[in-house]
Amino acid sequence: MSIFDSIRFVRNNETIYKILINGQWLEASETFEIKSPADGSIVARVQKASQKEAELAVQAAYDARTKIANLDASERAKILDKAGDLLEQNKNEFIDIIMKESGKTFKQAQGEVQASIDRLHYAADESKEIRGEIIKGDVASDKKSIGMAIKQSIGVLLAITPFNYPLFTGIAKIAPGIAAGNSIIVKPASDDPICLLMFGKIMQEAGTPDGVINVITGSSSEIGDYLCSHPKINMISFTGSSVAGKHIASIAGMKKLHLELGGKAPAIVLEDCDFNLAVKEVVTGCLKYSGQRCDAISRVLVVESIADKFVNAVLEEVKNWKFGDPRNPDTMVGPLINERAAKKVEDLVNDAISKGAKLLYGGKRYALGYYEPTVLDYVNRDMRIAWEETFGPVVTIMRVKDLEEAIKIANESEYGLDACIFTKDIDKAFDAAQRIEAGSVHINAHPTHGLGIFPFGGDESSGLGREGIKYSIEDMTKIHTIVLHTH
Ligand code: NAP
């Protein structure tokens, strides 16, 4: 017996998951299959919601918005803490499904589930810290007035999530959304939506009132525009590609937008770096979860004076990253989410090679989404891989004259999410960190964002707004002003 038995059933030997609308687990008229990136087998089927179900979910969230807004902060905190406890109790099922539907290794899936549990508890604590302020009317016309700026919930939040952290990204929106007193419609990525359906059940069991959490699966081409342009939705928190984010911004209308989009993180490696640390961090930043991370290092800008030595050391390090089936406990680089993703990486690598880049390692695509860890040297500005998001296991080396050239190339990108710099000279590091145009700059480590204690987000094509436990809660509230005029 599992608590998830009530959200799924078996038909013709296939497990089928339902969707959550207004506290009920429902079927739509069609379903679609979820395939394992590891071996192509069918993991399960999920509902293909149409605009009819999308409308029901919006209406449910709209009707429930006052139920959650009117709960005390301590009651909202209790729901989030209980959800964290329930996730902990059921973590093995979550790890198992994330491995199956996303093709993650055990360690990667375990890390994602643990971060999700921790984030729920942090958000519970933070929900009790939502404060406004009292403002004295301090100019002649307002002298006798006192204003109260109160934080209120936004109302109905649409949370759209990508495939690469299928559980954590959802929880990074649901937890602050509930802490801030909003009702939510969750639309998970169609590649791996099952873990968020299961989390819908966790939220229900944790005591969320009916209609406050709705989770619907379905194709973005059918329900995406309908949801994003719906007048009853007050805010969209979207994590995904820049192309989709920009499209959503163009059709959303009068809604608050939080957009966490693509990245092209540079790693600047200077001659005075801690050499061994830089090699390890750069390779980890490029290859972790097969490079399928918005914060992945995807341009290594190494100064010419140490480039030969650095590239040789990188090559030796990359050989330690075992490539293969993610179910094998030794595997460190598993498959990409699907064949389309691997073909895109292949195109970028082939384009670079055709324009003069040197392939030093890997470069081969296999069946499904398997793409070998790859090292490309002598990448230059004319190559697509210097500018387009790779989202694959490629170490892309660009040799630069000095720090100034590195910063210039770093800032030429349309993206501005993450960057990192390796040097032992702290003055140089701070100076560069302030001039690099990115939401976060990491000194002497690859970009990584943990639980969300630090604000995280990007500029330009990388998005709008900052995520993080406290920052997301702030973003998901609005200021309501009451002014007392004394006479
Ligand atoms: P994606 O193709 O843009 O899809 C993301 C989500 O948006 C999915 O749920 C997708 O639904 C939905 N979607 C797509 N078009 C839509 C539309 N017109 N209206 C409404 N929803 C729409 O991205 P992905 O391939 O899943 O994820 C990888 C991307 O996410 C990369 O670019 C990565 O950098 C970015 N990312 C950014 C961050 C960050 O914090 N900045 C974190 C993680 C990932 P369907 O699956 O049904 O199409």
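First things first, this report covers the structure right here in the doc. Worth saying up front: this structure is predicted, and the values here are computed from it rather than measured. (Residues numbered from 1 in each chain as written. Predicted model: local features only at pLDDT ≥ 70, side-chain atom pairs only at ≥ 80, totals over all residues. Heavy atoms only, no water.)

### Re the sheet that holds strand S15 (residues 297-303)
In a beta sheet, neighbouring strands are held together by backbone hydrogen bonds and run either parallel or antiparallel to one another.
So, point 1. Read across the sheet, 7 strands follow the order S16-S17-S18-S15-S14-S20-S21 without closing on themselves; strand pairing throughout is mixed. Lying at the two open borders of the sheet, with one neighbouring strand each, are strand S16 (358-361) and strand S21 (440-443). Neighbour-to-neighbour, the strand axes of the sheet open up by a mean angle of 20°, direction not taken into account.
So, point 2. As judged from the 5 bridges shared by strand S14 (residues 265-269) and S15, these two strands associate in the parallel manner. Note that in S15 the partner of Ile 268 across the bridge is Leu 301. (Pairing = 2+ DSSP bridges. Helix = DSSP H or I, 4+ residues; strand = E, 2+ residues; numbered from the N terminus. Axes fitted to C-alpha atoms, helices over the stretch in contact; angles between N-to-C directions.)

### Focus: the site of the ligand
So, point 1. Inspection of the region around the ligand gives 31 residues, with Ser 190, Ser 220, Ser 241, Leu 261 and Glu 389 positioned closest.
So, point 2. Contacts to the ligand include Thr 161, whose backbone N or O atom sits 2.8 Å from an oxygen atom.
So, point 3. The backbone of Ala 189 places a nitrogen or oxygen atom 3.5 Å from an oxygen atom of the ligand.
So, point 4. Protein burial of the ligand: of its 910 Å² of free accessible surface, 85% is covered by the chains.
So, point 5. Of all the elements in the fold, those that place two or more residues in the shell around the ligand are helix H7 (220-228), strand S12 (235-239) and helix H8 (242-251).
So, point 6. At 4 residues, the largest contribution of residues to the shell around the ligand is made by H7. (Near = heavy atom within 4 Å. Polar contact = N/O pair within 3.5 Å; in protein donor to acceptor, adjacent residues only side chain to side chain. Areas by Shrake-Rupley, 256 points an atom, 1.4 Å probe, with all protein chains shown as cover.)

### Quick word on the side chain of Lys 187
So, point 1. With respect to the secondary-structure elements, Lys 187 resides in strand S10 (residues 183-187).
So, point 2. For the buried Lys 187, which has no salt bridge, the nearest side chain bearing the opposite charge is Asp 192, at an N-O separation of 8.9 Å.
So, point 3. Apart from residues no more than four positions distant in its own chain, Lys 187 is found in contact with Ala 159, Ile 160, Thr 161, Ile 216, Gly 218, Ser 220 and Ile 223. (Buried < 20%, exposed > 50% of the residue type's maximum accessible area, 1.4 Å probe, protein only. Lys, Arg positive; Asp, Glu negative; His and termini not counted. Salt bridge = Lys/Arg side-chain N within 4 Å of Asp/Glu carboxyl O. Contact = heavy atoms within 4.5 Å.)

### So, empty space enclosed by the protein
So, point 1. This model, assessed by the stated rule, comprises 6 cavities of 30 Å³ or more.
So, point 2. Volume-wise, the largest cavity comes out at about 60 Å³.
So, point 3. For the largest cavity, the lining is made up of 14 residues, of which Pro 266, Arg 299, Tyr 415, Asp 418 and Glu 437 are closest to its centre.
So, point 4. Contributing elements (two or more residues each) for the lining of the largest cavity: S14, helix H12 (403-412), strand S19 (415-416) and strand S20 (418-422).
So, point 5. Tallied by class, the residues present in the lining of the largest cavity amount to 8 nonpolar, 2 polar and 4 charged. (1 Å grid on protein atoms, 1.4 Å probe; cavity = no way out; pocket = protein on both sides within 12 Å on 5 of 7 lines; lining within 4 Å. Points joined across faces, edges and corners; volume = space filled by probe spheres on them. Nonpolar A, V, L, I, M, F, W, Y, C, P; charged D, E, K, R; others polar.)

### Let's talk about the pattern of salt bridges
So, point 1. Under the definition given, this model contains 36 salt bridges.
So, point 2. A salt bridge links Lys 428 to Asp 272, with the nearest nitrogen and oxygen atoms 2.9 Å apart. Of this pair, Lys 428 sits in helix H13 (residues 426-435) while Asp 272 sits in the loop between S14 and helix H9 (275-287); the two residues are 156 residues apart in sequence, bridging distant segments of the chain.
So, point 3. Note that Asp 308 is salt-bridged to Arg 399, the shortest N-O span being 2.8 Å. Pair noted here: Asp 308 is in helix H10 (residues 304-318) and Arg 399 is in strand S18 (residues 394-400), with a separation of 91 residues, a long-range link.
So, point 4. Through salt bridges with shared partners, a single network forms among Glu 14, Glu 33, Lys 35 and Arg 45.

### Re the packing of H9 against H10
Relative orientation and spacing of two packed helices are given, respectively, by the angle between their axes and the distance between those axes.
So, point 1. Taken N-terminus to C-terminus, the directions of H9 and H10 make an angle of 55°; their axes are 10 Å apart at the nearest point. Classified by the angle between their axes, H9 and H10 sit oblique to one another. Along this stretch, H9 crosses H10, giving a crossing that reads as right-handed. Residue-level contacts link Phe 275, Ala 278, Val 279, Lys 280, Val 282, Val 283 and Leu 287 of H9 to Lys 309, Phe 310, Ala 313, Val 314, Glu 317 and Val 318 of H10.
So, point 2. Its residues assigned to classes, the contact of H9 with H10 comprises 10 nonpolar, no polar and 3 charged. (Parallel < 35°, antiparallel > 145°, perpendicular 65-115°, else oblique. Left-handed = near helix turned anticlockwise from the far one by under 90°.)

### Some words on helix H11 (residues 339-354)
So, point 1. The end-to-end C-alpha distance of H11, which contains 16 residues, comes to 22 Å, matching closely the 22 Å that a straight helix rising 1.5 Å per residue would cover.
So, point 2. Along H11, the residues classified as buried are Ala 341, Ala 342, Val 345, Leu 348, Val 349, Asp 351 and Ala 352.
So, point 3. Those residues of H11 that are buried are in contact with strand S17 (374-377) and S18. (Expected span 1.5 Å × (residues − 1).)

### Notes on the nonpolar core
Taken as a class, soluble globular proteins show a tendency for nonpolar side chains to be buried jointly.
So, point 1. Core analysis: the largest hydrophobic core is formed by 82 residues, its most contacted members being Phe 94, Leu 167, Phe 199, Ile 216 and Ile 236.
So, point 2. Ranked by the residues each element gives to this core, the list is headed by helix H6 (residues 194-205), at 8 residues.
So, point 3. For Phe 94, the contacting residues outside a window of four places in its chain are Phe 4, Leu 87, Val 113, Leu 167, Cys 195, Met 198, Phe 199 and Ile 202.
So, point 4. Within the second largest apolar cluster, 62 residues are counted, among which are Ala 189, Phe 275, Val 283 and Tyr 371. (Core = buried A, V, L, I, M, F, W, Y, C linked by side-chain atoms within 4.5 Å.)

### Description of the environment of Ser 183
So, point 1. With respect to the helices, strands and loops of the structure, Ser 183 is situated in strand S10.
So, point 2. Residues Ser 183 and Ala 69, spaced 114 residues apart in sequence, show a C-alpha to C-alpha distance of 8.2 Å.

### Examining the side chain of Ser 290
So, point 1. Within the secondary structure layout, Ser 290 lies in the loop between H9 and S15.
So, point 2. Residues contacting Ser 290, with those up to four places away along its chain left out, are Val 333, Gly 334, Pro 335, Leu 336, Phe 391, Gly 392 and Pro 393.

### Some thoughts on the pairing of S21
So, point 1. What you see with S21 is a clean split: Ser 440 and His 442 sit on the buried side and Val 441 and Ile 443 on the side with no burial.
So, point 2. Pairing of S20 with S21 involves 4 bridges; the strand directions are parallel. Residue pairing in the sheet places Ala 419 in a bridge with Val 441 of S21.
So, point 3. After leaving S20, the chain enters H13 and then returns to the sheet as S21, a path that is right-handed. (Right-handed = clockwise from strand over helix to strand, strands pointing away.)

### Quick look at a nonpolar patch on the surface
So, point 1. A surface patch of nonpolar side chains, about 350 Å² in accessible area, is lined by Tyr 122, Ile 453 and Phe 454.
So, point 2. Considering the arrangement of structural elements, one finds Tyr 122 in helix H4 (residues 106-126). (Patch = residues over 30% accessible without salt bridge, like charges linked within 9 Å, V, L, I, M, F, W, Y side chains within 5 Å.)

### Re the pairing of S14
So, point 1. With 5 of 5 residues buried, S14 lies mostly within the body of the structure.
So, point 2. Crossover S14 to S15 through H9 is right-handed.
So, point 3. Both S14 and S20 contribute to a ladder of 3 bridges, which runs parallel. Looking at the pairing, Val 269 lines up with Phe 422 of S20.

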